[in-house]
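# Fold and geometry: a report
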Amino acid sequence: MTDKLILTPGETRLAELCRIYREDVPVSIDPGCKPRVDAAADVVADAAAGESAVYGINTGFGKLASTRIPADQTSQLQRNLILSHCCGVGEDLRPAVVRLVISLKMLSLGRGASGVRWQLIERLQDLLQLDLIPLIPCQGSVGASGDLAPLAHLTAAMIGEGHVRFQGRRMSAADALEAAGLEPLQLGPKEGLGMINGTQVSTALALAGLFDGWSLAQTALISGALTSDALMASTAPFRPEIHALRGLRGQIDAAMALRQLLSDSVIRESHRDNDERVQDPYSVRCQPQVMGACLDQLRQAAATLEIEANAVTDNPIVVVEDGSILSGGNFHAEPVAFAADQCALAISEIGSITERRIAITVDPAQNFGLPAFLTPDPGLNSGFMIAEVTAAALMAENKHRATPCSVDSTPTSANQEDHVSMACHGARRLAEMNHNLAHIVAIELLIGTQGVEFRAPIATSGPLWRVMQSVRKRVAPLRGDRYLADDIAAVAQLVSDRSIIDALGEENLLPGFDQ
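Read on for an overview of the structure. (Residues numbered from 1 in each chain as written. Predicted model: local features only at pLDDT ≥ 70, side-chain atom pairs only at ≥ 80, totals over all residues. Heavy atoms only, no water.)

### Overview of the overall build of the chain
Selection criterion: Secondary structure is summarised from DSSP: a helix means a run of H or I of at least four residues, a strand means a run of E of at least two, and numbering begins at the N terminus for each. Two things to know: the radius of gyration comes from C-alpha atoms, and the globule rule equals 2.2 Å times the number of residues to the power 0.38. Buried, partly exposed and exposed residues are distinguished by accessible area as a fraction of the type maximum, computed with a 1.4 Å probe on protein chains only: under 20%, between the cut-offs, and over 50%, respectively. Every residue pair with non-hydrogen atoms within 4.5 Å of one another is taken to be in contact. Neither His nor the chain termini are counted; the positive set is Lys and Arg, and the negative set is Asp and Glu. Where a charge sits is defined by one atom per residue type, namely NZ (Lys), CZ (Arg), CG (Asp) or CD (Glu).
Looking only at helices and strands, the chain features 20 helices and nine strands. Rg of the C-alpha trace for the chain: 26 Å, near the compact-globule value of 24 Å for 515 residues, within the 12% margin. When burial is assessed residue by residue, the chain has 56% of its 515 residues classed as buried. Here the contacts in the chain between residues at least 6 apart in sequence split such that 79% fall between residues at least 24 apart. Across the chain, the 42 positively charged side chains and the 60 negatively charged ones have centroids separated by 3 Å.

Pasting the structure below:
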């Protein structure tokens, strides 16, 4: 059985969050944070019983913040808040993303600055441990004042409203709680507000995009190396001296990965002398510079998202040291919006340079002796002609999707919330972009494998040969025209589930977040 993952608020790392996203790992929160959570809850309880107006505890919300709520109606206030905010539309978020959302909410509330009871955090933990996953519509958040609508759907399930997927079956939240032996949670003062004020949905979607995008960047280094060998490209542009003189970490890492992938290629050694070409096209020669810049963008986004994953992002915030309750704006998801835009730019550029290598490899004017469109009998057969067009179409889609979302804003809530981040859909679009990129990389793997096979009996490197074997276990060589959509889908699955990366085995020296 997979070891339980214990989350420590304020100290959880990306690697742990990636496990939650990729694996069905049991998750719990470090009980060491309970005393501070209890202390903050006591501060809120005292405020709820007091005479002074405190936002979100004994007042209305947003534009209605000046409306005072009697003490005997504070519980109803929180329930009404949740029900009124369940306005999400669109498809449900994937269960893996919802697990991340729940985990991030536990981390935020576990910092002991939100004023919720420990009981509420335990209920979030119950959802994960019982595989009781709220159904959260993906649309409805503008990424400021928190991800209000989607987080309301999460909270609704805890109070017996809305719908869930319980152990794989869709049902009402009330029925699922009963089947799991749980009573609907009665929200205490500020607990509804503490649940929906926060950036956890935007952050979870951005993390999912980051995790998948990083794997695709690693795989694109592999496919790029394979195509470079098929094209009999020079490895001189990958030499460490060039990249050390520039000094950019991502560029240095990308060049090192390409050198390792091609280090024992017989194809490379076969044309060191008497090669009529002086330089390769930029999409081959400048892989370290372009891929390295993308790695740096993703790492910068990763640094922001790791901090945000551990952050307190609701409002108001409880300072247990002096008992103050402070209204601020940590719910504004501008940092997440910027991080999502950075990921989108990197994903788009990886697809752009990959598509160019595909185009070169199928072009007899540029592929150094390979047959047109990599078919043994061009003319009668079209080979990979339209596979390259598909890659171009996907690349163009991603270019459009890469337009920054963070520069957009619109006032909401009667102009009380007059500047918003648009982080949620900015992060959500990353899944579609990664889906497109996975297929672009898959097409490069198909044409790279076919191209290297045309160089036989001269062999590629050991690591790249293992990658080719992984491809060939699913897709046969293209001898004559056939239905190619299934081939592309099969290899895209190998890309998405990291099988291509795993094919490298112990020789996997691809760069990681923290290297």
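### Observations concerning the nonpolar core
For the record, the criterion: Residues belong to a common nonpolar core when they are buried Ala, Val, Leu, Ile, Met, Phe, Trp, Tyr or Cys residues joined through side-chain atoms within 4.5 Å.
The biggest cluster of nonpolar side chains holds 145 residues, and the ones touching the most others in it are L17 and L124. For this core, the leading source of residues is helix α9 (residues 200-230), giving 17 residues.

### Digging into α9
To keep things clear, this is the line we draw: Multiplying one less than the number of residues by 1.5 Å gives the expected span of a helix.
For α9, with 31 residues, the first-to-last C-alpha span of 44 Å sits near the 45 Å given by 1.5 Å per residue. Most of α9 is tucked away, with 30 of its 31 residues classed as buried. M232 occupies a position one or two residues after α9 and carries a positive phi of about 55°.

### Quick notes on the pairing of strand β7 (residues 169-172)
Selection criterion: Here the rule is simple: two strands pair whenever DSSP picks up at least two bridges between them.
Relative to β7, strand β6 (residues 163-166) runs antiparallel, the two being bridged by four bridges. If you follow H163 over to β7, its bridge partner there is S172. Hairpin connection between β6 and β7: a loop of two residues separates the two successive antiparallel strands, and Q167 in this loop has a positive phi of roughly 50°.

### Focus: the environment of I6
Along the chain, I6 turns up in strand β1 (residues 5-7). Considered as a pair, I6 and V27 are 21 residues apart in the sequence and their alpha carbons are 5.9 Å apart. Other than its neighbours up to four places away in sequence, I6 contacts E16, S28, I29 and D30.

### Considerations on the environment of D264
Going by this rule: In protein, a polar contact means a hydrogen-donor-capable atom and an acceptor-capable atom, both N or O and within 3.5 Å, with residues adjacent in sequence counting only if both atoms are side-chain atoms; elsewhere, any N or O pair within 3.5 Å suffices.
On the secondary structure map, D264 appears in the loop between α11 (249-262) and α12 (266-270). Residues D264 and G462 lie 198 residues apart in sequence; the distance between their C-alpha atoms is 6.9 Å. A polar side-chain atom of D264 sits 3.1 Å from the main-chain amide nitrogen of G462.

### Quick look at the packing of helix α4 (residues 95-109) against α9
A pair of packed helices is characterised by two quantities: the angle between their axes and the separation of those axes. For the record, the criterion: Helix axes are fitted only over the stretch in contact, all axes being lines through C-alpha atoms; the angle between N-to-C directions runs from 0 to 180 degrees. Oblique is the label for any angle not covered by the other classes, which are roughly parallel (under 35 degrees), roughly antiparallel (over 145) and roughly perpendicular (65 to 115). Here is the rule for handedness: rotate from the far helix to the near one, and if that takes an anticlockwise turn smaller than a right angle the crossing is left-handed, while a clockwise turn gives right-handed. Polar here means any residue outside two lists: the nonpolar Ala, Val, Leu, Ile, Met, Phe, Trp, Tyr, Cys and Pro, and the charged Asp, Glu, Lys and Arg; Gly therefore counts as polar.
Contact pair α4 / α9: the axes reach a minimum separation of 9 Å and the direction vectors enclose 125°. Taken together, α4 and α9 sit at an angle that is classed as oblique. Handedness of the crossing formed by α4 with α9: right-handed. The segment α4 lies against α9, with V97, L100, V101, L104, K105 and S108 engaging Q200, V201, T203, A204, L205, L207, A208 and F211. Grouping the amino acids of the contact of α4 with α9 by side-chain chemistry returns ten nonpolar, three polar and one charged.

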